[in-house]
Amino acid sequence: FHSSIMSSVTSSHYEAHSAESYEQAYFYEPGAYQQYLVRLVQDRFQLQDTAKGPLHILDIGGGTGNFAQALVEETPQHRVTVVDPFLDPTRSTSSQLSFVKAAAEAFLSPRTVAEDWRQDFQGILLKEVVHHLKDRVKIFQGMHQELPKS
């Protein structure tokens, strides 16, 4: 990933937390708040609309993937790729959930052959991560350019 252009947040900020403490600190453990967020994302992406067909969503800054896991459990016809530069991914047993160690800043540059995770997606989820992005406008422009035109 583009470590030279990362915001002032460093990997030590995240490495100080175990996956368990990270989940507890940010309310990602199963419960009412997580279910509320799952329903909100389902609504915004219209994931319950079966006429749309299966979608592939990038969860930028998705950490350990627990939220993405809850999302695909509720809507198993869709796929989520968790993209996070710092936390080591948990191993998924689901074909609907995958992990990529990368940063949102990848969208500042054209896609490379090695970045196959940046193709064939229909949506991007940025949940509780935007404040870490230094060049937000340019990153959002890059993301928008890679979204399929509908």
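Notes on the structure follow. (Residues numbered from 1 in each chain as written. Predicted model: local features only at pLDDT ≥ 70, side-chain atom pairs only at ≥ 80, totals over all residues. Heavy atoms only, no water.)

### A closer look at the pattern of salt bridges
In the structure shown here, the tally under the stated rule is five salt bridges. For Arg44, the salt bridge is made with Asp43, and the minimal N-O distance between the two is 3.1 Å. Asp43 shares its class with Arg44; the two are exposed. Measuring nitrogen to oxygen at the nearest pair gives 2.2 Å for the salt bridge that ties Glu146 to Arg118. Placement of the pair is Glu146 in helix α5 (residues 136-146) and Arg118 in the loop between β3 (97-100) and β4 (123-126), with a sequence separation of 28 residues. The network of salt bridges with common partners includes Glu115, Arg118 and Glu146. (Salt bridge = Lys/Arg side-chain N within 4 Å of Asp/Glu carboxyl O. Buried < 20%, exposed > 50% of the residue type's maximum accessible area, 1.4 Å probe, protein only. Helix = DSSP H or I, 4+ residues; strand = E, 2+ residues; numbered from the N terminus.)

### Brief notes about the packing of helix α3 (residues 32-45) against helix α4 (residues 66-74)
Running from N to C, α3 and α4 cross one another at 60 degrees; their axes reach a closest spacing of 10 Å. Classified by chirality, the crossing of α4 by α3 is right-handed. Each of Gln34, Gln35, Leu37, Val38, Arg39, Val41 and Gln42 in α3 lies in contact with α4, whose residues at this interface are Asn66, Phe67, Ala70, Leu71 and Glu74. In terms of residue class, the contact of α3 with α4 is made up of six nonpolar, four polar and two charged. (Axes fitted to C-alpha atoms, helices over the stretch in contact; angles between N-to-C directions. Left-handed = near helix turned anticlockwise from the far one by under 90°. Contact = heavy atoms within 4.5 Å. Nonpolar A, V, L, I, M, F, W, Y, C, P; charged D, E, K, R; others polar.)

### Examining the packing of aromatic side chains
According to the stated counting rule, one finds two aromatic pairs in the structure shown. Taking 5.8 Å as the distance between ring centres and 85 degrees as the angle between the ring planes, the aromatic pair formed by Phe107 and Trp117 counts as edge-to-face. Of the two residues, Phe107 sits in the loop between β3 and β4 while Trp117 sits in the loop between β3 and β4, which places them 10 residues apart along the sequence. For Phe107, a relative accessible area of 3% corresponds to the buried category. Ring centres of Phe107 and Phe121 lie 6.5 Å apart, and the angle between their planes is 80 degrees; this geometry places the pair in the edge-to-face category. Placement of the pair is Phe107 in the loop between β3 and β4 and Phe121 in the loop between β3 and β4, with a sequence separation of 14 residues. Each member of the pair Phe107 and Phe121 is classed as buried. What links up through ring pairs into an aromatic cluster is the set Phe107, Trp117 and Phe121. Above the ring of Phe107, the side-chain terminus of Arg118 is found at 4.8 Å from the ring centroid. (Phe/Tyr/Trp six-rings, centres within 6.5 Å; stacked < 30°, edge-to-face > 60°. Lys NZ or Arg CZ within 6 Å of the ring centre and 35° of its normal.)

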